Each structure stands twice: as structure tokens, then as C-alpha cells.
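Residue-level listing of the chains:
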Protein chains: 2
Amino acid sequence: MYSIKEIAAKFGLRASTIRYYEEIGLLENVVHEGGYKRVYDETHIDRLSAIECFKKARLSLEEIKQFFEYEKDIHSNSGNILEMMKAKELKTKEEINRLKAGLEHVQMKIKYYSAVDEAIKEGREIPAWGDIIK
Amino acid sequence: MYSIKEIAAKFGLRASTIRYYEEIGLLENVVHEGGYKRVYDETHIDRLSAIECFKKARLSLEEIKQFFEYEKDIHSNSGNILEMMKAKELKTKEEINRLKAGLEHVQMKIKYYSAVDEAIKEGREIPAWGDIIK
DNA sequence: GCTTGAGTTCAAGTCAACTTTAAGTTGTAT
DNA sequence: ATACAACTTAAAGTTGACTTGAACTCAAGC
């Protein structure tokens, strides 16, 4: 049994975020002790772990919620889940490639401005981009 | 010389986005022909190409703007640029790793739900997660 | 019986990066 | 002269994922 503070800390989230997730239906069956204080158990830990994993793959909270809805009736929805996950696999791979391209661009800038910085310190002329980046 | 429509199309952006970039100071020296119609040239193409590259590495428009500001006085700012780019290199690598972790999670789901899907089609029992994912 | 601390509700606010809307302008074709 | 497409401005609206604020509740300790 965990308090909202404890469970928030466990996942590096704020209590307000945990409450928000419940509000939008992402966290379910939260017991409000005496109709008041929220109490969490291992099922919520599992749910939040899954949410964090999906967030890493950039699923929206809406999509994550949809996934959990599907999971409630695997028999009718395993196909939907599969389709959803395959689409996300593609999107995620694309985003990784996009980021890799961005990273390369940034690294070229690092290379060039390292040369520039050095030239300045040694009182030389600022090198041309083409002389540093082939 | 390009119209706003042409340059927007060239980069897959909307005309309103191009106007917005000008408004926030990301696109500079745009000629308003007869104080009205915007006209763009190669310098704007170059600027927009750079913006798109930085966006791939998830720099905010504010950061991109800062970069261009720094570039105007390389002598005093090459150090700042270098620092900024190195910080971004780190962040981008972190984000790539985060995405890769997310991707793995999604791929495990694909593996499991493929097995589930197949089991359902063949009228078998739904397999346990542990039997599919080691 | 009063304070304190942790928790609560509900509405409103925040942020970035745009997009939309409404109303007006300009140049060209009919 | 009129219609039309393409352009303009300024301000307000949108989206997702939270966060904040104000006012309230509850249990525990002094």
C-alpha cells in the first residue's frame, strides 16, 4: 500500500500528475480511503511502469489509454494491439533516424566551432566551413 | 526570388509558419515588396535548412534563434556556440537511448501479441507473457 | 480546541509551436 | 468595373500534458 506521495516519488512524478492520470482514466481502481485519501498497490505500480515505457516510445497518453482498453478484451482486440504497436514501431524508428540526423548536424557544428574556437585563441583567422567539414 | 507559398512548399511548411518564424525573429531581412508582399532569396533557403536540421535535433525555436544570434559575432561567441552544441549532443544522445528503450518495449509487445493473435486464430489458449518473452 | 501536515476538489493557468479567423490589400484577367 | 487569387495584419484559438491556486478535509499531536 502506497500513498500518492510515495508512488509519485517512486516514478519521479508529482502527486498532481498521478491525480491527473486517474482523472483521464489512465489509472483505474484507485481506492479513495474513507472516500478521501488515495491508496495504491502493486497493480498501480505495474500500470505506471507500463505507462513510463510507452511514454519513452512517445505514445500519447490517449494512445496508452487505448492500449489498456484493448487489453481488457484481448480476444477481440489482439489484432488492434498488434496493429497499434507495429505502427508505433515504425514511427519510433523514424524518430530515431530523425534524431540521428539531427545529432550529426550538431556534431558537425561542434567540429567546426572547435576549430573556430582554437583559431581565435591562437589569433589565427577563422577557418572556412568547407575546410573543416568535408 | 521566392514567394511565401513557394518557400513554404519547398520546406513542407505552411505560409503562416513562415510568417510566424519572421515574427519571432527566426527569419530576418525579409523584403516586403512595396511594403507588402514578402520575397525570399537564397539566404532564407539556407536559414530554413539550418532551422530544419536543428529541429531534428529537438532544439527549440528559441535555442535556434539564440544560435543565430551567437553566429553574428563569432569572435565573442564561438565558446557559447560550442557549449550549446555540446549540451545538445548529450541531450540528443540521451533522447535516442530513451527512444531505443521505448522501441524495445514496443517490440516485446509485438512479439507477445503476435503469439496471442496466432493462438486465438488457431483456437489455442492465450499464452503467458513469460512463455513468449524471456 | 488548535495547529500542522498531508491530502482533497475544481477551475483556471502554462508552455511551445503553430493555426485560424476576420477583415482588409494588391495585381491580374475578364 | 468587377471578380478573383494570392497576399497582408492582428488577435485569438488549439493541442497535449501537466501545474497552480484557492478553498476545504481529515487525523494526529500538544
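Residues numbered from 1 in each chain as written. Chains lettered and ligands numbered in written order. Predicted model: local features only at pLDDT ≥ 70, side-chain atom pairs only at ≥ 80, totals over all residues. Heavy atoms only, no water.

It is worth spelling out the overall build of chain A at this point. Helices and strands together make up the secondary structure of chain A, namely 6 helices and 2 strands. Listing every helix and strand of chain A by position from the N terminus yields α-α-β-β-α-α-α-α. Here the C-alpha radius of gyration of chain A, 24 Å, is well above what a compact globule of 134 residues would show, namely 14 Å. Across its three principal axes, chain A shows a C-alpha extent of roughly 75 × 35 × 20 Å. Looking at chain A as a whole, 41% of its 134 residues qualify as buried. Surface summary for chain A: the accessible area is close to 7,900 Å², and the carbon and sulfur share equals 49%. Taking the average location of the 23 positive side-chain charges in chain A and that of its 24 negative ones, the two points are 3 Å from each other. (Helix = DSSP H or I, 4+ residues; strand = E, 2+ residues; numbered from the N terminus. Rg over C-alpha atoms; globule rule 2.2 N^0.38 Å. Buried < 20%, exposed > 50% of the residue type's maximum accessible area, 1.4 Å probe, protein only. Areas by Shrake-Rupley, 256 points an atom, 1.4 Å probe, with all protein chains shown as cover. Lys, Arg positive; Asp, Glu negative; His and termini not counted. Charge placed at Lys NZ, Arg CZ, Asp CG, Glu CD.)

Right, let's get into the protein's contact with DNA strand D. Inspection of the region around DNA strand D gives 17 residues, with R14(A), T17(A), Y21(A), Y36(B) and R38(B) positioned closest. Of all atoms in DNA strand D that approach within 4 Å of the protein, 78% are sugar or phosphate atoms. One of the side-chain nitrogen or oxygen atoms of Y36(B) is found 2.8 Å away from a base oxygen of DNA strand D. R38(B) is positioned with one of its backbone polar atoms (N or O) 2.7 Å from a phosphate oxygen of DNA strand D. (Near = heavy atom within 4 Å. Polar contact = N/O pair within 3.5 Å; in protein donor to acceptor, adjacent residues only side chain to side chain.)

This paragraph deals with the protein's contact with DNA strand C. Taken together, 17 residues lie around DNA strand C, and Y36(A), R38(A), T17(B), Y21(B) and Y36(B) are the ones closest in. Counting only the atoms of DNA strand C within 4 Å of the protein, the fraction contributed by sugar and phosphate is 74%. R19(A) places a side-chain nitrogen or oxygen 3.2 Å from a phosphate oxygen of DNA strand C. A distance of 3.3 Å is found between a phosphate oxygen of DNA strand C and a backbone nitrogen or oxygen belonging to L61(B). Where the surface near DNA strand C is concerned, the elements lending two or more residues are α1 (4-11) and β2 (37-39) of chain A together with α2 (15-23) of chain B.

The next point concerns the nonpolar core. Core analysis: the biggest nonpolar cluster contains 36 residues, and I7(A), I18(A), L48(A), L59(A), F67(A), M85(A) and Y113(B) have the highest contact counts within it. Taken together, the elements giving at least two residues each to this core come down to α1, α2 (15-23), α3 (42-56), α4 (61-72) and α5 (74-121) of chain A together with α5 (74-121) of chain B. The element that contributes the greatest number of residues to this core is α5(B), accounting for 6 residues. Beyond its immediate sequence surroundings of up to four residues, M85(A) is in contact with F54(A), L59(A), F67(A), V106(B), K109(B) and I110(B). Counting 35 residues, the second largest nonpolar core, distinct from the first, contains I132(A), V30(B), L48(B) and I74(B). (Core = buried A, V, L, I, M, F, W, Y, C linked by side-chain atoms within 4.5 Å. Contact = heavy atoms within 4.5 Å.)

Here we come to the relation of the copies chain A and chain B. Taken as rigid bodies, chain A and chain B are interconverted by a rotation of 180° and an axial shift of 0.0 Å, the fit giving an RMSD of 0.1 Å. Both copies of the chain, as the preceding transformation shows, are related through a two-fold rotation axis. Across chain A, the rotation axis passes nearest the C-alpha of I96(A), at a separation of 3.0 Å. (Least-squares fit on C-alpha atoms with pLDDT ≥ 70 in both.)

A few words on the packing of α4(A) against α5(A). Residues and elements named next belong to chain A. Packing of α4 against α5 leaves a shortest axis separation of 7 Å and a crossing angle of 150°. Classified by the interaxial angle, the pair formed by α4 and α5 is roughly antiparallel. The two elements α4 and α5 meet at a crossing, and its hand is left-handed. Only I74, N77, N80, I81, M84, M85 and K88 of α5 make contact with α4, whose side of the interface consists of E63, Q66, F67, Y70, E71 and K72. Residue composition of the contact of α4 with α5, grouped by class: 6 nonpolar, 3 polar and 4 charged. (Axes fitted to C-alpha atoms, helices over the stretch in contact; angles between N-to-C directions. Parallel < 35°, antiparallel > 145°, perpendicular 65-115°, else oblique. Left-handed = near helix turned anticlockwise from the far one by under 90°. Nonpolar A, V, L, I, M, F, W, Y, C, P; charged D, E, K, R; others polar.)

Our next topic: the environment of L13(B). Residues and elements named next belong to chain B. Considering the arrangement of structural elements, one finds L13 in the loop between α1 (4-10) and α2. L13 gets classed as buried once you look at its relative accessible area, which sits at 18%. Once residues lying within four places of it in the same chain are set aside, the contact partners of L13 are A8, I18, Y21, L48, E52 and K55.

Take the interface of chain A and chain B next. In this complex, chain A contributes 41 residues to the contact, which on the side of chain B involves 41 residues. Summed over both sides, the interface between chain A and chain B buries roughly 3,800 Å², with carbon and sulfur atoms accounting for 73% of that surface. The largest contributions to the chain A side of the interface with chain B come from K56(A), L99(A) and Y113(A), which together make up 17% of the buried area. Counting every contact that joins chain A to chain B gives 2 salt bridges. E95(B) is the salt-bridge partner of R58(A), the closest N and O atoms lying 2.4 Å from each other. Elements with a contribution of two residues or more to the side of chain A that touches chain B: α3, α4 and α5 of chain A. Tallying contributions element by element places α5(A) first for the side of chain A that touches chain B, with 30 residues. Looking at the side of chain A that touches chain B residue by residue, the class counts come to 20 nonpolar, 8 polar and 13 charged. (Buried area = accessible area lost by both parts, 1.4 Å probe. Salt bridge = Lys/Arg side-chain N within 4 Å of Asp/Glu carboxyl O.)

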